[in-house]
Amino acid sequence: MSVVVLVTSIVVLLVLVMFLKSLRLKHSFETVEPVELIKVDKEIPARHLSEAIRIKTISQSLMEREDYKPFLQFHNWLDKTYPKAHAVLQRKIISEFSLLYLWQGLDTSLKPVLFSSHMDVVPVERSTMDVWEASPFKGEIKNGFVWGRGALDMKHQVVAIFESIERLVEMSYQPKRSIYVTIGHDEEISGKNGARQIAAYLKRKGVQLAALLDEGGMVSQGMIPYVDQKAAFIGIGEKEYLTLNLYAKGSPGHSSNPPRQTAIGVIARALALLDDNRMPARLNLILQTLEGIASLLPFQFQFALANSWIFKPVIIKLLEKQTQTNALIRTTHASTVIKGGIKDNVLPAEASAKVNFRLLPGDTREKVLKNVHNVINDARVKITIDEADAWGACKVSTIQTPAYNTLELIIRQVFGNIPVAPLLLIFATDARHYQEICDHLYHFSPLRVAPEDMKRLHGVNERISVDELVKMVQFFARLLRVWGDAEF
Ligand SMILES: [Zn+2]
């Protein structure tokens, strides 16, 4: 056999193997049968969410005593609105305003599960008020939507969870394993008095959780380039948050007799170097996501994915194009604050900047700091960690667990046979506070959202469709039962 024939055969064989690998990826999940869901009168959860939105539980950085009144009102509203749930749940108030509920299970040998949520919402910027199509704190129900702050983040989930517990109690359901439900009061400003204290309390009591569900993933589309069909994403981890301070000293004086570079120039150069030298990309987490939605990808993408050992640079190039997917493959940075100078003809005595980093799991503060020093490589720039704005790492949960598998199954039973994929969250939630008492932290809000809805979160015209809210209630009624009875 000639060398040419040999090489050709090897290449053909290789391409064939690569082709077969991508075909296997295409058919990566089995179809599930739909299940019967509880009947929900759609007016009820919509009305309750509307009432919840009207209670202005706003979190802001400077809180006066007076600002906490709505939080107590929210407690009373819950109590009054869900009497059956409150008759079986044990309630404990943590840090005055956060709520921890326990639905005692029959079998104490099973580890409990926890459903995490929060009652606080972000403020509405005054300048955006006239863009709102409905008043943000009136809880208006119109055109099939409940409008207002908290409709998607995350009073919808509080209402859906309580609505479903109320119904399960009516049906005389009693869980085998204990179920905790938490409603934090300061998630939007770090969760340090709410979720962190709830977790500390549970830890003191020796509680270890089998699984936890918080907000994060949803059923959405347009998340990944070239994919415009719906898929469900379950959050399995959060990026670490780190801010670095950059500082340079200058020699003040008249600008008519300047040095080659002022303190401002030194800082500007450092920032430009950082922008030109991003942290390297890594695909390990995103590959799980892409494999989960592989059936929706165009064939070329499937082919590249199934053979990522050879096409890694191509996949990175593709994902780097969108800021959303770029954030999923590397530690990102953004220069967010810059200060320096007082007058156009005075040399600045100093200049400083803040650079905010979001760390990909696996990258550490030390690694980022070392990289920044190497890139800037300028002794005139002092680099320090902004300790007030550093949150610590959050572990990534495995997806090989009964809790994840049942979550995935129920998503597909409720939302049809859509692909379900794990996803790294690029923002923070309360869940990270529970890391010490739980290895399996998952993030999912059971509703379908359009791509433009993502901008409504913390933005203007936040709203949820009345029908999606019904789906949420049905989903939680099912998940509470499945997790409540499963022996994991
Ligand atoms: Zn939230």
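Notes on the coordination of the zinc ion
So, step 1. Within the protein, the zinc ion binds to His118 (NE2), Asp153 (OD), Glu215 (OE) and Glu215 (OE); these donor distances fall in the range 1.9 to 2.4 Å.
So, step 2. One can describe the donor arrangement at the zinc ion as irregular, given that its four donor atoms subtend angles of 56 to 145° at the metal.
So, step 3. Linear spacing of the donor residues for the zinc ion on their chain is H-x34-D-x61-E. Note that His118 is positioned in strand 3 (residues 113–118) and Glu215 in strand 7 (residues 211–220), a separation of 97 residues in sequence. For the pair formed by His118 and Glu215, the shared burial category is buried.

Overview of the domain arrangement of the protein chain
So, step 1. Segmentation of the protein chain into domains returns domain 1 (43–237 + 394–485), domain 2 (240–280 + 339–392) and domain 3 (282–329).
So, step 2. Using only C-alpha atoms to locate each centre, domain 1 and domain 2 end up separated by 38 Å.
So, step 3. On the domain 2 side, the residues contacting the six residues of domain 1 number five residues.
So, step 4. Looking at the side of domain 1 facing domain 2, the largest losses of area belong to Cys394, Leu424 and Arg432, adding up to 57% of the total buried there.
So, step 5. For the interface between domain 1 and domain 2, the tally reads zero salt bridges.
So, step 6. Taken together, domain 1 and domain 2 are joined by zero residue pairs in polar contact (both at pLDDT 80 or more).
So, step 7. Each residue belonging to the side of domain 1 that touches domain 2 can be placed in one class, and the counts come to five nonpolar, no polar and one charged.

Brief notes about the sheet that holds strand 17 (residues 463–465)
So, step 1. Across the sheet, three strands lie side by side as 4-5-17; this open sheet has antiparallel pairing. The open sheet terminates on both sides in strands that have one partner only, identified here as strand 4 (141–142) and strand 17.
So, step 2. Looking at chain direction, strand 4 and strand 5 (residues 145–147) are connected through two bridges and run antiparallel. Directly across from Lys142, in strand 5, lies its bridge partner Phe145.
So, step 3. Against the sheet, helix 2 (residues 43–54) engages strand 4, strand 5 and strand 17, with an angle of about 10° to strand 5.

Description of the layout of surface pockets
So, step 1. Reported here for the largest pocket is a volume of approximately 1,100 Å³.
So, step 2. Every residue lining the largest pocket is counted, 41 residues in all, and those nearest its centre are Arg358, Ile426, Phe427, Ala428 and Thr429.
So, step 3. Considering every element that reaches the lining of the largest pocket, the biggest residue donor is strand 7, with five residues.
So, step 4. Residue composition of the lining of the largest pocket, by class: 20 nonpolar, 12 polar and nine charged.
So, step 5. In terms of lining residues, the second largest pocket is bounded by 14 residues, among which Gly292, Ile399, Glu408, Val420 and Pro422 are the most central.
So, step 6. For the lining of the second largest pocket, the secondary structure elements donating two or more residues are helix 8 (284–292), helix 13 (402–415) and strand 15 (420–425).
So, step 7. If one sorts the elements of the lining of the second largest pocket by residue count, helix 13 sits on top with four residues.
So, step 8. In terms of residue class, the lining of the second largest pocket is made up of six nonpolar, five polar and three charged.

So, the pairing of strand 8 (residues 231–238)
So, step 1. Buried residues dominate strand 8, accounting for eight of its eight residues.
So, step 2. Direction of pairing for strand 7 relative to strand 8: antiparallel, over a ladder of two bridges. When the bridges of strand 8 are listed, Ser220 appears paired with Ala231.
So, step 3. Relative to strand 15, strand 8 runs parallel, the two being bridged by six bridges. Looking at strand 15, one finds that Gly237 is bridged to Leu424.

What about the packing of helix 2 against helix 3 (residues 69–81)?
So, step 1. Close contact between helix 2 and helix 3 brings their axes to 10 Å; oriented N to C, the two are set at 160°. Taken together, helix 2 and helix 3 sit at an angle that is classed as roughly antiparallel. Crossing angle aside, the handedness with which helix 2 passes helix 3 is right-handed. Seen from helix 2, the contacting residues are His48, Glu51 and Ala52; seen from helix 3, they are Phe74, Trp77 and Thr81.

Side note on the environment of Leu441
So, step 1. Inspection of the secondary structure assignment puts Leu441 in strand 16 (residues 441–448).
So, step 2. Through-space distance from the C-alpha of Leu441 to that of Leu114 is 9.5 Å; in sequence the pair is 327 residues apart.
So, step 3. Those residues in contact with Leu441 that lie beyond four places of it in its chain are Leu212, Gly235, Ile236, Ser397, Ala431, Tyr434 and Gln435.

Some remarks on the nonpolar core
So, step 1. Counting 103 residues, the largest nonpolar core has Leu78, Phe115, Phe162, Ile411 and Phe475 as the members making the most contacts within it.
So, step 2. Per-element tally for this core: the top contributor is helix 14 (residues 466–485), with 11 residues.
So, step 3. If you count residues domain by domain, this core takes at least three from each of domain 1 (43–237 + 394–485) and domain 3 (282–329).
So, step 4. If near-sequence neighbours (up to four positions away) are discounted, Phe115 is found in contact with Ile161, Ile179, Tyr180, Val181, Thr182, Leu213, Phe476, Leu479, Leu480 and Trp483.

Rules behind the numbers
- Residues numbered from 1 in each chain as written.
- Predicted model: local features only at pLDDT ≥ 70, side-chain atom pairs only at ≥ 80, totals over all residues.
- Heavy atoms only, no water.
- Donors = N, O, S within 2.8 Å, 3.2 Å for Na, K, Ca; no water.
- Tetrahedral: all angles 85-135°; square planar, octahedral: opposite > 155°, others 65-115°.
- Helix = DSSP H or I, 4+ residues; strand = E, 2+ residues; numbered from the N terminus.
- Buried < 20%, exposed > 50% of the residue type's maximum accessible area, 1.4 Å probe, protein only.
- Domains from an automatic or database assignment.
- Contact = heavy atoms within 4.5 Å.
- Buried area = accessible area lost by both parts, 1.4 Å probe.
- Salt bridge = Lys/Arg side-chain N within 4 Å of Asp/Glu carboxyl O.
- Polar contact = N/O pair within 3.5 Å; in protein donor to acceptor, adjacent residues only side chain to side chain.
- Nonpolar A, V, L, I, M, F, W, Y, C, P; charged D, E, K, R; others polar.
- Pairing = 2+ DSSP bridges.
- Axes fitted to C-alpha atoms, helices over the stretch in contact; angles between N-to-C directions.
- 1 Å grid on protein atoms, 1.4 Å probe; cavity = no way out; pocket = protein on both sides within 12 Å on 5 of 7 lines; lining within 4 Å.
- Points joined across faces, edges and corners; volume = space filled by probe spheres on them.
- Parallel < 35°, antiparallel > 145°, perpendicular 65-115°, else oblique.
- Left-handed = near helix turned anticlockwise from the far one by under 90°.
- Core = buried A, V, L, I, M, F, W, Y, C linked by side-chain atoms within 4.5 Å.

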